[in-house]
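Observations on the three-dimensional arrangement
Single-letter residue listing:
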Amino acid sequence: MKMRLMMMAVIAFVLTACATAKDGEPVKRTAFIQTNAQCGDCKERMESVLNFESGIIYSDLNMEDKKMEVKYNSKKISLAEIKTIISNIGYDADEVQANKSAQSSLPACCQPGGHD
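Because the structure is a prediction, the values reported are computed rather than measured.

Some details on helix α2 (residues 40–50)
Of all the residues in α2, the buried ones are Cys-42, Met-46, Glu-47 and Leu-50. Looking straight down α2, one finds its buried side chains confined to an arc of 115 degrees; they lie on one side. Against β2 (56–62), β3 (67–73) and α3 (79–89) lie the buried residues of α2.

Here's what the structure looks like:
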């Protein structure tokens, strides 16, 4: 019984060690980024880009509050890089303003003030 408990403790330690970076920070992080999305097309556009980006595990835009939930591997991509990707799609990402050229290329419903 003691051996089994010791093995479980070792396994738990190894799993914890694998889930953190060398400096002790978690590798998998979750961020909530405020966007200026307007419609379902915005949601689909942002999620389709982010979900295929290396280092991003999952993204989902909540249309009620326009916040993008992003789960990502912080060893592969930074939060600043994620915000830049959103900006380059044409949307605001917290304090990072939308790339104006990309924003002007969006459909009318996705432009600031557009409707679904």
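Focus: the packing of α2 against α3
At their nearest, the axes of α2 and α3 sit 10 Å apart, and the two run at 135 degrees to each other. It follows that α2 is oblique to α3 by the angle criterion. Of the two elements, α2 crosses α3, and the hand of that crossing is right-handed. Each of Arg-45, Met-46, Val-49 and Leu-50 in α2 lies in contact with α3, whose residues at this interface are Ile-82, Ile-85, Ile-86 and Ile-89. By residue class, the composition of the contact of α2 with α3 is seven nonpolar, no polar and one charged.

Considerations on the pattern of salt bridges
For the structure on display, the rule yields four salt bridges. One salt bridge in this structure joins Glu-47 and Lys-43, with 2.7 Å as the shortest N-O distance. Residue Glu-47 and its partner Lys-43 are located together in helix α2, separated by four residues, close to a single helical turn. On the accessibility criterion, Glu-47 (15% relative accessible area) is buried.

Points about the confidence of the model for the protein
On average, residues of the protein score 85 in pLDDT, and 76% of them reach the 70 mark or higher. Across the protein, element-level confidence peaks in α3 with a mean pLDDT of 98 and bottoms out in helix α1 (residues 2–18) with 52.

Details of the sheet that holds strand β1 (residues 28–34)
If you walk across this open sheet you meet the three strands as β1-β3-β2, and the pairing is antiparallel. Whereas interior strands pair on both sides, the edge strands pair on one side only; in this sheet they are β1 and β2. On average, each strand axis in the sheet is tilted by 15 degrees relative to the strand beside it, whichever way the strands run. One ladder, built from six bridges, connects β2 with β3; its direction is antiparallel. Considered in β3, the bridge of Leu-61 is made with Met-68. Running at roughly 170 degrees to β2, α2 makes contact with β2 and β3 of the sheet.

Observations concerning α3
When we look at burial in α3, the residues that qualify are Ile-82, Lys-83, Ile-85, Ile-86, Ser-87 and Ile-89. Where the residues of α3 are buried, they touch β1, α2, β2, β3 and α4 (100–104). Of the residues one or two after α3, Gly-90 is the one with positive phi, at around 125 degrees.

Cut-offs applied
- Residues numbered from 1 in each chain as written.
- Predicted model: local features only at pLDDT ≥ 70, side-chain atom pairs only at ≥ 80, totals over all residues.
- Heavy atoms only, no water.
- Buried < 20%, exposed > 50% of the residue type's maximum accessible area, 1.4 Å probe, protein only.
- Helix = DSSP H or I, 4+ residues; strand = E, 2+ residues; numbered from the N terminus.
- Arc of directions from axis to C-beta.
- Contact = heavy atoms within 4.5 Å.
- Axes fitted to C-alpha atoms, helices over the stretch in contact; angles between N-to-C directions.
- Parallel < 35°, antiparallel > 145°, perpendicular 65-115°, else oblique.
- Left-handed = near helix turned anticlockwise from the far one by under 90°.
- Nonpolar A, V, L, I, M, F, W, Y, C, P; charged D, E, K, R; others polar.
- Salt bridge = Lys/Arg side-chain N within 4 Å of Asp/Glu carboxyl O.
- pLDDT = per-residue confidence, 0-100.
- Pairing = 2+ DSSP bridges.

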